[in-house]
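# Fold and contact review
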Amino acid sequence: MVEPGDREVAGQRLGIPESLGVSTLEPGQRPPTTPPGRQVSIRVQLLDDVTEVFDISQRAPAKALFDLVCVHLNLAERDYFGLQYQNPRRMMVWLDLLKPTLKQIRRPKNTILRFVVKFFPPDHTQLLEELTRYLFALQIKHDLACGRLTCNATSAALLVSHIVQSEIGDFDEVQSFQHLLHNKYMPNQDALMDKITEYHHKHVGQTPAESDYQLLEMARRLEMYGVRLHPAKDREGTKLSLAVSHIGLLVFQGHTKINAFNWSKVRKLSFKRKRFLIKLRPDLNQSAYQDTLEFVMASRDCCKTFWKICVEYHAFFRLFEEPKPKAKAVLFTRGSSFRFSGRTQKQVFDYVKDSEFQKVPFERKHSKKVSGSSLTPQDRKTSTVPQESVSVDQTDSPLRLIIQVPVDDPTVTNGHQAGPGGPEAQALASTTGHPEQQISGVISGSPPVVVNGQKAFPFGPGQSSNGHQPSPINAHSCPLSSPLFTDAGYVRTDDEDEVRRKKCPTDKAYFIAKELLTTERTFLKDLAVITVWFQAVLGKEDILPDSVRTLINTNYDPVYQLHQAFLKEVEQRLQQWEGRSNAHIKGDYQRVGDVMLKNIQGLKQLTSLLQRHGEVLVELERSCRASQRLQELCREFEQQKVCYLSLNMFLLRPLHRLLHYKLILERLCKHYPPTHQDFRDSRAALADISEMVLQLQGTMMKMENIQKLLELKKDLTGIQDLAIPGREFIRLGCLSKLSGKGLQQRMFFLFSDSLVYTSRGMTADNQFKVHGQLPLYGMTIRESEDEWGVPHSFTLFGQHQSVVVAASCVSEMVKWMEDIRMAVVLVEQSNRPSTDLLSTSRSDRKSPEEGGVEAESEEELSASRSSLERQSAQRGNTTVHVCWHRNTSVSMVDFSVAVENQLSGNLLRKFKNSNGWQKLWVVFTNFSLFFYKSHQDDYPLASLPLLGYSLTVPAETENIQKDYVFKLHFKSHVYYFRSESQYTFQRWMEVIRSATC
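The structure presented is a predicted model; accordingly, all values stated were derived computationally and were not measured.

### A closer look at the packing of helix α4 (residues 153-168) against helix α5 (residues 173-182)
The contact between α4 and α5 brings their axes to 11 Å, and the two run at 110 degrees. Taken as axis vectors, α4 and α5 run roughly perpendicular relative to one another. As α4 packs across α5, the resulting crossing turns out to be right-handed. Contact residues: V160, V164, E167 and I168 in α4; Q175, S176, H179 and L180 in α5. Taken together, the residues of the contact of α4 with α5 break down into 4 nonpolar, 3 polar and 1 charged.

### Examining the pairing of strand β29 (residues 918-925)
Across the 8 residues of β29, 7 count as buried, placing the element largely inside the fold. Both strand β28 (residues 903-911) and β29 contribute to a ladder of 7 bridges, which runs antiparallel. Looking across to β29, one finds that L907 is bridged to L920. In this structure, the hairpin formed by β28 and β29 is closed by a connection of 6 residues. The pairing of β29 with strand β30 (residues 928-932) spans 5 bridges and is classified as antiparallel.

### Here's the deal with the pairing of strand β21 (residues 742-751)
Summarising burial for β21: 9 of the 10 residues are buried, a large majority. One ladder, built from 10 bridges, connects strand β20 (residues 729-739) with β21; its direction is antiparallel. By the bridge assignment, C734 is partnered in β21 with M747. Following β20, the chain reverses through 2 residues before pairing antiparallel with β21. Pairing between β21 and strand β22 (residues 754-760): 4 bridges, direction antiparallel. When the sheet's bridge partners are listed, L750 is paired in β22 with L755. In this structure, the hairpin formed by β21 and β22 is closed by a connection of 2 residues.

### Description of the sheet that holds strand β2 (residues 51-57)
Here we have 5 strands laid out as an open sheet, ordered β2-β1-β5-β3-β4, and mixed in their pairing. Edge positions in the open sheet fall to β2 and β4 (92-94), since each of these has one partner strand only. Sheet twist, expressed as the average angle between the axes of neighbouring strands with direction ignored, equals 40 degrees. Against the sheet, helix α3 (residues 130-145) engages β3 (81-86) and β5 (112-117), with an angle of about 110 degrees to β5.

### Quick word on unusual backbone geometry
A positive phi angle, close to 60 degrees, is found at Q961, a residue other than glycine. Positionally, Q961 belongs in the loop between β32 (950-952) and β33 (965-970). On the basis of relative accessibility, which here comes to 68%, the residue Q961 falls in the exposed class. Unusually for a residue other than glycine, K971 sits at a positive phi of about 55 degrees. One can find K971 in the loop between β33 and β34 (973-978).

Conventions and cut-offs
Sequence positions are assigned chain by chain, starting from 1 and proceeding in written order. For a predicted model such as this one, the threshold for reporting local features is a pLDDT of at least 70, and the threshold for listing and counting side-chain atom pairs is 80 or more; totals across whole chains, interfaces and linings nevertheless cover every residue. Neither water nor hydrogens contribute to the side-chain values; these are computed over all heavy atoms in the structure. Axis definition: a line fitted to C-alpha atoms, limited for helices to the stretch in contact. Angles are taken between N-to-C directions and run from 0 to 180 degrees. Helical segments are the DSSP runs of H or I of at least four residues, strand segments are the runs of E of at least two, and each set is numbered from the N terminus. Any angle that is under 35 degrees is reported as roughly parallel, and any over 145 degrees as roughly antiparallel; angles of 65 to 115 degrees are reported as roughly perpendicular and all others as oblique. Crossings are classed by handedness, with left-handed meaning an anticlockwise turn of the near helix from the far one by less than a right angle and right-handed meaning a clockwise turn. Should any heavy atoms of two residues lie within 4.5 Å, those residues are considered in contact. Each residue gets one label: Ala, Val, Leu, Ile, Met, Phe, Trp, Tyr, Cys and Pro are nonpolar, Asp, Glu, Lys and Arg are charged, and the others, such as Gly, are polar. Buried, partly exposed and exposed residues are distinguished by accessible area as a fraction of the type maximum, computed with a 1.4 Å probe on protein chains only: under 20%, between the cut-offs, and over 50%, respectively. Strands are treated as partners if at least two bridges between them are detected by DSSP.

Shown next, in the form of structure tokens:
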């Protein structure tokens, strides 16, 4: 029996010995070097019933054999699987990867190992690779056929229909009947033939990948999903069966579950001879509390085998990382030396999510249809992907491309094209390394980038082959010609930039004026999204009420025209300042305060229009609620490349621009001495703009909150009116919620009256599905790391329920606890009851039998085919999704700071393994960098969300050898950016730090 240590953590309290940290998914790790010795052939039966032979050394650990099998399959999410064999006592046991294979299998010639699923996750959407889901589907098929996965006749028929659809495709009466006659998928199949064919007929057009998805969606809801029964008896001698799952320990009588012990209730697991012992935590709510439960199994070996499985299940699903090894005893040892080795589920998920695997075809045994899988690192160098068009990949990888395969390509299954997540019609191109390294048309050179559109410049900036300007809404030029992804744009500009830098003025006031110019260019482009592009779309259909159309025209067109004239003046003044115009001979034009004063005085005349911009936001939202077609039109417009942010954000841009003018003038006045010729005009302009900001500040804060609530409404499903009077947004971000399923990643939204937690749904827009709501009134909060053994965890005690959550780090935990405490104080001071946010009445309380498992309705569990359809580019790249993928959070204060910290200008970019510098026009806004070829472009070519990134300066060892260079890095992604002066370098560092700190 293994006793727990003094320091009780999540894994050690169950007697889990610490491991050596051996990983089967280490990035770049090769299979272990085979020890010298005679080679032995080992037969392994795969899940498709094919038996493969692998040669290993007699001394090789079992991990070497397991790695060979996974490499053979090109399997990335390998830790869900294991190798199983029958020992001399005819018990099915797992191969211990840390021990030599031949010390466990005495007669390898007579033994066939089985490669099967070992850990069954509660949600198949946690499996990121199609190959993994296919292997899980094969496991479900095996369990159904052997009677291990029991269910009612309707469910069984539906499961088989999905299997048949995956294997033979669309329904054909003769073919389907013959196929079912020759293949047995379940006991008593003949009695259900009619029902199976009836369901199969409804799956027309469903691809094998979608069939796997639907099969796993159904299977995971069955009580016997992933259950492996181990016979036992209780103290009274009643025949029972024990099993283990992600939830905890299960007790069955026959095939009926009669009890469950959640991991959070279990203090320790142990065994003594034939007795299996479960020690529980005290339950203050139960008067008849039993500290230790005892079950008798057939033998000590049966007991130990089940104990090992429990140890591994607990470690895999409950721990953040692999437990560390214990120090070896000097003289005596006590208990079993077994320990869990490999990655935990969280480590597997994070690794695969952060890695950039290309898709490689794999063959389905029966259907002989080819689907996408993951390339091994060795295969990536030689793979080829058909080159066609590029779309957005909505994964967490900060910069990634998806190359769509043509419909008539032989790798397309059933002629269907799938969106992100669908494997039939696309392949991922690894985009790390030097941009000049392209193999067979695959973009392997540029860094992984989230591509906003397909704009290209094969004929020059903004020109097509016939010399016309392409429409940013309808242009579909191939982005492979873009300077972002080819060496055409990778020009070494070091010498010419040095020459130009020496010719330009060096006064700080010049660079402040230049910042005014660059940001004004971006602001005018943003304003054109409303006054030009959005108006053009609305003009095609007469669905916008005349009152709202007039409201937009009268309040935005005069502002747009004023800024057009202002931009021309600033451009002319900078040309004169730089000496690129003869006008500088006639007078001193090295100032900008006078131009700003004139513009701001013109803006003051439009204050009444600026005050009504918030009204435009509200009225447009009201019109969208009244007209379904207008709502669809606005949603479609937000998917266009010109609308690189949400439409509502563009509506508030004129108000935000006032803040930028104020900050620019403050820096200018701070730089000028009082005797400077430009000081008086700059000071007067600062006084005027400060007055305007003060006058409009209340409107601005109110509208920013409404805009954020309306934006969040698009990201959430299962919620009622979010933007109601009095409700304020406070913080959103990712936390791990402790439940019966273990630590589950959840997205939390903190408002002024309640805390809502969600999970990422499988809708076409990847909306977040609401799971529950915690009213803030009466809530208390305390740290609970010592209580639960989970790092950075804290417990929220509501009036009706309590929730345990864990942050990714200490700083995140502190931010959440401070904001929640502040919100609780405010809501109690206001003495207002919380409003129910949920669209349906649902209870979030758990019964003891459920062990904390979140209740899910049939509607939530239904898997629609839209889950595999293309998700929208903008919805998949919002701040909410970035926080989800980067496991971080953002507050309303952060959003307000981001409004002020916006910057535009030219930067030189360099990748980690390249030599040249690429010149790009870069816009920083909304926590992201947006990349353009030049400031004349109407929409960005790519974007880089910066949440989670680190901002530093290059070390001497990185051999950059250039001035004014800053470095952005996130995990393995590294980018260098070079600015033109000390002032611009400091400004870029300042604004980017606001998004990365």
